[in-house]
Amino acid sequence: MTKLNDTHSLLTFLKTRKSASAKAMAGPGPDATQLQDILEIAARVPDHGKLNPWRFIVFQDAGRAAVGEKFKAAWAKLHPDHGAESLDFQATLFMRAPIVVVVVSTAALHFKIPVWEQQLSSAAVCFNMVLAAQAHGFDAQWQSDWVAYDEAAKAAMGVSEAENVAGIIYIGTSTVALEDRPRPDVAGLTTYWGV
Ligand SMILES: Cc1cc2nc3c(=O)[nH]c(=O)nc-3n(C[C@H](O)[C@H](O)[C@H](O)COP(=O)(O)O)c2cc1C
């Protein structure tokens, strides 16, 4: 990903940036200072009612393998018929990138702000984190995967039953050149009311 700087304008960056795949990602990833910056930017999103209805869990270093062992155990219970290859893959899920950030939606019933709006804010956080990582010159991908929905895997990550995984953001450096995907025909998706 081309780092956003004075010669690479914000508009060019926004018009050309694309996500990597966690399947082909390695180091380097952000250092502690860069990661802090990425998290600060991610939190700078619209948030109706200023509720901060989200939080972050960072996986790095040995923590990625440790949680992977718990994923493996959860997967084995879900799919007792699966072989060693499938199980071992689950153990390495978070080892595919140097930094993995789980964005947790803590949305809850509120007298004024609908839960839906709180969840929308957590989606904004996820994408802002992708943008911040890419602007720093790293590659990133927003994923969900089965671990976002399985209660045992959620518990392993430190996510409660009342919370939702809004996104699992993989941040690192792609080992392959990024290929763009077909982009939506925006004109076909847009109507001008009354015209
Ligand atoms: C909520 C959400 C969950 C996603 N989960 C996955 C996933 O589990 N696996 C995957 O390959 N892509 C997933 N994606 C898609 C990628 O994040 C991304 O859209 C794709 O790689 C292209 O992104 P780009 O438009 O930024 O280039 C998900 C996207 C969203 C919004």
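Residues numbered from 1 in each chain as written. Predicted model: local features only at pLDDT ≥ 70, side-chain atom pairs only at ≥ 80, totals over all residues.

Caption draft 1: Layout of the overall build of the protein. When you go through the protein residue by residue, the secondary structure sums to six helices and five strands. Going from N to C terminus, the protein has its helices and strands arranged as α-β-α-β-α-α-β-α-β-α-β. Against the compact-globule benchmark of 16 Å for 195 residues, the protein has a radius of gyration of 18 Å, which places it among compact chains. Its C-alpha atoms give the protein principal-axis dimensions of roughly 55 × 45 × 35 Å. Taken across its 195 residues, the protein has 31% of its residues classed as buried. In the protein, 80% of the contacts between residues at least 6 apart in sequence involve partners at least 24 apart. (Helix = DSSP H or I, 4+ residues; strand = E, 2+ residues; numbered from the N terminus. Rg over C-alpha atoms; globule rule 2.2 N^0.38 Å. Buried ≥ 20, exposed ≤ 12 C-beta atoms within 10 Å, placed from the backbone. Contact = placed C-beta atoms within 7 Å.)

Caption draft 2: Quick peek at the site of the ligand. Taken together, Lys18, Ser19, Gln141, Trp142, Gln143, Ser144, Asp145, Gly167 and Arg181 are the residues near the ligand. No other element matches the three residues that strand S4 (residues 139-143) contributes to the shell around the ligand. Within the shell around the ligand, the residues separate by chemical class into one nonpolar, five polar and three charged. (Near = placed C-beta within 6 Å. Nonpolar A, V, L, I, M, F, W, Y, C, P; charged D, E, K, R; others polar.)

Caption draft 3: Local environment of the packing of helix H3 (residues 62-78) against helix H4 (residues 84-91). Contact pair H3 / H4: the axes reach a minimum separation of 7 Å and the direction vectors enclose 140°. Judged on the interaxial angle alone, H4 and H3 are oblique. Our pair here, H3 against H4, has a crossing hand that is right-handed. Where H3 approaches H4, its residues Gly68, Glu69, Phe71, Lys72, Trp75 and Ala76 are matched on the opposing element by Leu87, Gln90 and Ala91. A breakdown of the residues in the contact of H3 with H4 according to their chemical character gives five nonpolar, two polar and two charged. (Axes fitted to C-alpha atoms, helices over the stretch in contact; angles between N-to-C directions. Parallel < 35°, antiparallel > 145°, perpendicular 65-115°, else oblique. Left-handed = near helix turned anticlockwise from the far one by under 90°.)

Caption draft 4: Region of the structure containing the nonpolar core. In this structure, Val103, Met129, Ile169, Tyr170 and Ile171 are the most contacted members of the largest nonpolar core, which totals 40 residues. For this core, the secondary-structure elements that each account for two or more residues are helix H2 (32-42), strand S2 (54-60), H3, strand S3 (99-105), helix H5 (115-135), helix H6 (151-157) and strand S5 (164-174). (Core = buried A, V, L, I, M, F, W, Y, C linked by C-beta atoms within 7 Å.)

So far we have only geometry, and geometry alone does not tell us how the molecule works.
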